[in-house]
Amino acid sequence: MAFELILSSLCMNISCDVPEVPETTFYWDFNDTASSYEKKQENLQKIRDSLNGQVLKVTTLQDPPLSWSEEDENGVLVGKGIAFNLFNVLTEKFNFTYELILPKNNIIGSTDDFAGSLLEQVQTKQVDVAVAFLPILADAREHIRFSTGLDEGEYYMIMTRPAESASGSGLLAPFQLYVWLLILISLLAVGPCIYYLIILRNRLTKDEKQKIYPLPHCIWFVYGALMKQGSVLSPSADSTRILFATWWIFITILTSFYTANLTAFLTLSRFTLPFNTVEDIVQKDQRFVSKRGGGIEYSIKNQNEELNILQKLVNRDYAYNTMNDTEILRDRVEKKHYLYIRDRPAMDHLRYEDYKYRKTKSKSEEKKHCPFAVAKEPLLRRGRAFAYPLGTKWHSIFDPELLSLVEGGIVKYMTMDNLPKAEICPQQLTSTERQLRNNDLMTTYYVMLAGFLTSFVVFVTEFFFKCCNERIFNRDQTIKIQNLQPTVSTWATKTSGYSPPPSYSSLLDRIHNTKASEGLSDGLRQIINGREYKIVTDITGNKQLIPLRVPSAALFTYFTYNSHLQQ
């Protein structure tokens, strides 16, 4: 024992007798005198003698594979499981037997849940020992005394294996969310930055050769570079060329990283689960289930426990169940997609039995053999032990024996007994094939849908503005035509102080009379470019064409009137 080794090292260089320390004691203290030590040994021996041949009252929980009870052929309850394998070592060493008395309710119990619980049996001394792996919780210490720790209980979450990794799926997986946000910000900011830097450069240098590109052209250049497209922009200034080249280099590196990470994700990425911590359950408002009256329930109910943050989820949905493990796994977890929180040995045996059952249904498809997955890290860690009533005397001889079993690795060996050495349904399945699923391309569909919707909105906007512009154009044309045919009032208003021009017919008559009085000819009629004109010579001797058709005559009158106003 450790005590003997320490005492031997102290007496290595001197002659001293090392007293023989009984195997079951752990009361030795260096401050003890020889008489006090002998007295302790005498008290321990009296306890052993009083236990010899007695029948202790024992209680337990129906919590396989750790502990449960069955009736033998005589109808007597017999304890089973790892806890009773350990307790049977004590019965053989100290020569006693036990009577099993089960609690009314198969629950551990707490201050707020005391009636019919195992805690009530031990606290009221209805039993001498509680043989079960009980989590050492602060609330229970007020009512019972725990034995030496048997192991550290680890409570894990088991869930249906998701079809996709929680690290992301499809085209958005290579980058985290904040990276995508920064890329979007850069796309929106770089175009205006290039535009304003070009303007600033031109104003400072007064360089007229450098063309100032419009803002839309700069924005489309940034987007086109991201899509690996060329650009018609050809800056002549060196500073502007460096701006363009910097953006191209950035896009080249970014797209290279994206392509490489996307390839790695679709082929080699490790599978991750959506729920790994208590915070994941709270943030995603996930429903969970646990055994009624177990350590998880009281860890949630007690305010000084770390799982108390789950209490608000319990208040909205009943999270504890009395069904057996197999029913919970196949009904609550597989069908309703709840999380099931259970201690590690029970969960390992449960998954192993489920794996063997499904193996008989399908022999080759690994995913059908393993529809469930377990989180990598435990949700709760708590030491576990037997329990005694307060003021008991049996702990002084039981605890040293239990401690020796724990230190020898017997307890750990028993919890892993009857399980395969390989991990049961690991989180990362051994199959390496990775075919693209439709969900991997959902982002592509969303981009296509967004593009078509945006194009449709732009088309409707363009059509609306086109209709508005046509209405404005038609209105302006109507006003112009009305101005071509002025009313009498309009003539009177615009020609105040002027006499209106003579009519077209009177003009022809005047020309005819003038020619007749002067003995000149009346003019010749001639068709020019498909129109009929009359060629006359005015008083200055210049020849003039006068149209004879009605539309041309109206225009002639109009232009004659305008020239009259200008004069």
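Structure: see above.
Calculation notes
- Residues numbered from 1 in each chain as written.
- Predicted model: local features only at pLDDT ≥ 70, side-chain atom pairs only at ≥ 80, totals over all residues.
- Heavy atoms only, no water.
- Patch = residues over 30% accessible without salt bridge, like charges linked within 9 Å, V, L, I, M, F, W, Y side chains within 5 Å.
- Areas by Shrake-Rupley, 256 points an atom, 1.4 Å probe, with all protein chains shown as cover.
- Salt bridge = Lys/Arg side-chain N within 4 Å of Asp/Glu carboxyl O.
- Helix = DSSP H or I, 4+ residues; strand = E, 2+ residues; numbered from the N terminus.
- Disulfide = S-S within 2.5 Å.
- 1 Å grid on protein atoms, 1.4 Å probe; cavity = no way out; pocket = protein on both sides within 12 Å on 5 of 7 lines; lining within 4 Å.
- Points joined across faces, edges and corners; volume = space filled by probe spheres on them.
- Nonpolar A, V, L, I, M, F, W, Y, C, P; charged D, E, K, R; others polar.
- Phe/Tyr/Trp six-rings, centres within 6.5 Å; stacked < 30°, edge-to-face > 60°.
- Buried < 20%, exposed > 50% of the residue type's maximum accessible area, 1.4 Å probe, protein only.
- Pairing = 2+ DSSP bridges.
- Expected span 1.5 Å × (residues − 1).

Comments concerning a nonpolar patch on the surface
On the surface, Phe456, Val457, Phe459, Val460 and Phe463 cluster together into a nonpolar patch covering about 520 Å² of accessible area. The topology assignment puts valine 460 in helix α16 (residues 442-484).

Digging into the state of the cysteines
Under the defined criterion, the tally for this structure stands at one disulfide. In this model cysteine 370 forms its disulfide with cysteine 425; the gap between the sulfur atoms is 2.1 Å. Handedness here is read from the sign of the S-S torsion; for cysteine 370 and cysteine 425, about -75°, the answer is left-handed. On the criterion of sequence distance, the pair formed by cysteine 370 in the loop between α13 (366-369) and β11 (372-374) and cysteine 425 in the loop between α15 (410-416) and α16 is long-range, its members being 55 residues apart.

Considering empty space enclosed by the protein
Per the counting criterion, the structure on display carries two cavities of 30 Å³ or more. Its volume calculated, the largest cavity comes out at about 80 Å³. Ile108, Gly109, Pro135, Leu137 and Ala140 are the residues nearest the centre of the largest cavity, which is lined by 13 residues in total. Across the lining of the largest cavity, the residue classes tally to nine nonpolar, three polar and one charged. Taken as a whole, the second largest cavity encloses approximately 50 Å³ of empty space. Lining of the second largest cavity is provided by Arg351, Asp354, His369, Cys370, Pro371, Phe372 and Cys425. A class-by-class count of the residues in the lining of the second largest cavity yields four nonpolar, one polar and two charged.

What about the layout of surface pockets?
The computed volume of the largest pocket comes to approximately 950 Å³. Along the wall of the largest pocket there are 23 residues; nearest its centre are Trp180, Leu187, Tyr223, Leu226 and Met227. Residue composition of the lining of the largest pocket, by class: 19 nonpolar, four polar and no charged.

As for the packing of aromatic side chains
Enumeration according to the criterion identifies 18 aromatic pairs in this entry. Centroid distance phenylalanine 87 to tyrosine 98: 5.7 Å. Interplanar angle 70°. Geometry classified as edge-to-face. In this pair, phenylalanine 87 sits in helix α3 (residues 82-94) while tyrosine 98 sits in strand β4 (residues 97-100), placing the two residues 11 residues apart along the sequence. Owing to a relative accessible area of 0%, phenylalanine 87 belongs among the buried residues under this scheme. Plain terms: the ring middles of tyrosine 388 and phenylalanine 398 are 6.5 Å apart, the flat faces sit at 35° to each other, and that makes the pair tilted. Taken together, the residues span a long stretch of sequence, with tyrosine 388 in strand β12 (residues 380-389) and phenylalanine 398 in helix α14 (residues 395-407) at a distance of 10 residues. Here tyrosine 388 matches phenylalanine 398 in class, with each residue buried. Members of the aromatic cluster, connected to one another through ring pairs, are Phe84, Phe87, Phe94, Phe96, Tyr98, Tyr388 and Phe398.

Considering unusual backbone geometry
With the exception of glycine, the majority of residues adopt a negative phi angle, and the majority of peptide bonds are in the trans configuration. Here the residue pair proline 64 and proline 65 is connected by a cis peptide bond, since its omega of 5° sits within 30 degrees of zero. Within the secondary structure layout, proline 65 lies in the loop between β1 (55-59) and β2 (68-71). Not every positive phi belongs to a glycine, and lysine 125 is a case in point at roughly 60°. Along the chain, lysine 125 falls in the loop between α4 (118-123) and β5 (129-135). Classification of lysine 125 as exposed rests on a relative accessible area of 55%.

So, the pairing of strand β7 (residues 151-160)
As a general feature of sheets, a regular strand has side chains that alternate between the two faces. The sheet contact formed by β7 and β12 spans five bridges and is antiparallel. Its bridge partner being in β12, tyrosine 155 is matched across the sheet by leucine 380. One ladder, built from four bridges, connects β7 with strand β10 (residues 339-343); its direction is antiparallel. What sits directly across from tyrosine 155, in β10, is aspartate 343.

So, helix α6 (residues 215-226)
Counted at 1.5 Å a residue, the expected span for α6 with its 12 residues is 16 Å, and the 17 Å between its end C-alpha atoms agrees. Along α6, the residues classified as buried are Cys218, Phe221, Val222, Gly224, Ala225 and Leu226. Phi turns positive one or two residues past the end of α6, at lysine 228, with a value near 60°.

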